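The chain contents come next:
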Amino acid sequence: MTDFMEILYKRRSIRKFTDEPVSREDLITLLKAGMSGPSAVNARPWEFVVVTEKEILDELRSNLEHARILAPVAICVLGSQRKQTHPAGEKFWLQDCSAATENILLAATALGLGSVWCAIHPKESDEQLVGRILNLPEGVTPLNLIFIGYPAEEQEPRTQYEENRVQWGPFPKAS
Amino acid sequence: MTDILDLFYKRRSIRKFTDEPVSRDDLTTLLKVGMSGPSAMNTQPWEFVVITEKEIMDRFRNSLMFAKMRAPAAICVLGSNRAHWFRSLNKFWVQDCSAATENILLAATAMGLGAVWIGVHPVYSFERQVRNILNLPKGVIPLNLIYIGHPAEEKESRTQYDEKRVHWGPFSESSKDETIPGEKSKHDFSDH
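Cut-off values and rules
Residues numbered from 1 in each chain as written. Chains lettered and ligands numbered in written order. Predicted model: local features only at pLDDT ≥ 70, side-chain atom pairs only at ≥ 80, totals over all residues. Heavy atoms only, no water. Pairing = 2+ DSSP bridges. Helix = DSSP H or I, 4+ residues; strand = E, 2+ residues; numbered from the N terminus. Axes fitted to C-alpha atoms, helices over the stretch in contact; angles between N-to-C directions. Buried < 20%, exposed > 50% of the residue type's maximum accessible area, 1.4 Å probe, protein only. Polar contact = N/O pair within 3.5 Å; in protein donor to acceptor, adjacent residues only side chain to side chain. Contact = heavy atoms within 4.5 Å. Salt bridge = Lys/Arg side-chain N within 4 Å of Asp/Glu carboxyl O. Buried area = accessible area lost by both parts, 1.4 Å probe. Nonpolar A, V, L, I, M, F, W, Y, C, P; charged D, E, K, R; others polar.

A word on the sheet that holds strand β3 (residues 114-119) of chain A. A sheet is described by the order of its strands in space; here 5 strands give the open sequence β3(A)-β4(A)-β2(A)-β1(A)-β5(B), paired in mixed fashion. Strand pairing shows two members of the sheet lacking a second neighbour, β3 of chain A together with β5 (166-168) of chain B, which therefore form its edges. Across the sheet, the mean angle from the axis of one strand to that of its neighbour is 20°, orientation sign disregarded. The pairing of strand β2 (residues 73-80) of chain A with strand β4 (residues 140-149) of chain A spans 8 bridges and is classified as antiparallel. Bridge pairing in β4(A) places A:Val73 opposite A:Ile148.

Quick look at the structure:
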């Protein structure tokens, strides 16, 4: 299982991609990884939009300041109140959908793809823009856009481990 | 390429552990993968408290409704802006710390350990209890407790892939209205 540990360090934000499209099979693999994530009370408060249409990707890129990434595909992770199976989703959807997102980024890395997480929530104006461009229904909130493709740049594996961010045992009582 | 999914499917919430402690080496590895996760503008808005002290684990068990399992160790992931003292805790800390948490859960699985994510934030009363038990300083918010140990239960690998939750391309007017009747009545407290 040490191969998987390498994936955890290998995952980097890749923002330059080749023209090569990502196969539907690979996209389903990514979604399978995403939906295998944990969720509070197993409420699974998520849905996913997969965008491969060039005109839609262009519209997203030109309207979203922090998503100017040229990539063959984007997955939009939606917090989904309408499909959650328990009201706990309302409190924990952000955490659950972020875990799902991380699974997608790691699975992409394992497949030799690059990816980058572009935040949308909680910026309301961006949420509305994406809502309009993707024609989102009621009961969902776009969390992010994950741009995916074959990488045209390389970044080294790394951890950003810092000892001073770790407290072993409880903090000492304030005197 | 289905074998790359194996580890994702294998990761389950484990709530029964043996007495065997988790080594400091293993805990450090988990922290290293936690801190290799992505964060908005690379702000790394996190700190981690590692608990192996029995009396602290007992206090969690006795005071937190959803933390009654017996485990040898816990990691508390904190949203933290203490490295950037001039800014308030940014609005992406929950997403970033959740990604770090998922890294820890997956690494634990890869290492043959079991783990479970116990939500604390945004339930104010849970945050307050954890804050008291761990003497948390100002400028940090506890996101969760991750209980970790050597598993004393086995759970099957699984996917929860549901093609009805996937939309290929933007929504059309007709695809907006789909609902799945009866799905909202399922309550699954134990099996995730």
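This part is about the side chain of B:His121. Looking at the secondary structure, you find B:His121 in the loop between β3 (114-119) and α5 (124-134). By relative accessible area, which is 17% here, B:His121 ends up buried. A distance of 2.8 Å separates polar atoms of two side chains, one belonging to B:His121 and the other to B:Glu127. Non-local contacts of B:His121, meaning those with residues more than four positions away in its chain, are made with A:Phe92, A:Gln95, B:Trp93, B:Val94, B:Glu127, B:Ile141, B:Pro142 and B:Leu143.

Residue and element names in this part refer to chain A. According to the stated counting rule, one finds 11 salt bridges over all chains in the structure shown. Note that Asp58 and Lys54 form a salt bridge whose closest N and O atoms lie 2.7 Å from each other. Of this pair, Asp58 and Lys54 both sit in helix α3 (residues 54-63), 4 residues apart, roughly one helical turn. Residue Glu162 pairs with Arg165 through a salt bridge whose shortest N-O separation is 3.3 Å. Linked by salt bridges that have partners in common, Lys54, Asp58 and Arg61 make up one network.

Moving on to the interface of chain B and chain A. Across the contact, 82 residues belong to chain B and 72 residues belong to chain A. For the pair chain B and chain A, the summed buried surface comes to about 7200 Å²; carbon and sulfur atoms form 61% of the total. The three residues of chain B that bury the most area against chain A are B:Gln95, B:Arg165 and B:Trp168, which together make up 12% of that side's buried surface. In this structure, the connection of chain B to chain A is made through 0 salt bridges. For the pair chain B and chain A, the interface holds 32 residue pairs in polar contact (both at pLDDT 80 or more). Listed by contribution, the elements that provide at least two residues to the side of chain B that touches chain A are α1 (6-10), α2 (24-34), β1 (46-51), α4 (93-110), β3, α5 and β5 of chain B. Looking at the side of chain B that touches chain A, the element that brings in the most residues is α4(B), giving 10 residues. Of the residues contributing to the side of chain B that touches chain A, the split by class is 42 nonpolar, 19 polar and 21 charged. Relative to β5(B), strand β1 (residues 46-51) of chain A runs parallel, the two sharing 3 bridges. Across the sheet, the residue bridging to A:Val50 is B:Trp168, located in β5(B).

For the rest of this paragraph, the subject is the pairing of β3(B). Residues and elements named next belong to chain B. With 6 of its 6 residues buried, β3 lies for the most part within the structure. Of the two faces of β3, both are covered, the one formed by Gly114, Val116 and Ile118 as well as the one formed by Ala115, Trp117 and Gly119. Pairing between β3 and strand β4 (residues 140-149): 6 bridges, direction antiparallel. Bridge pairing in β4 places Ile118 opposite Leu145.

As a further point, take unusual backbone geometry. With omega at 10°, the peptide bond leading from A:His121 into A:Pro122 counts as cis. With respect to the helices and strands, the residue A:Pro122 is situated in the loop between β3 and α5 (124-133). A cis amide bond links B:His121 with the next residue in sequence, B:Pro122, at an omega value of 5°. Positionally, B:Pro122 belongs in the loop between β3 and α5. Of note in the backbone geometry, A:Asn135 takes a positive phi value of approximately 55° without being a glycine. Position of A:Asn135 among the secondary structure elements: in the loop between α5 and β4. The residue B:Asn42 is not glycine, and still its phi comes out positive at about 50°. Tracing the sequence through the fold places B:Asn42 in the loop between α2 and β1.

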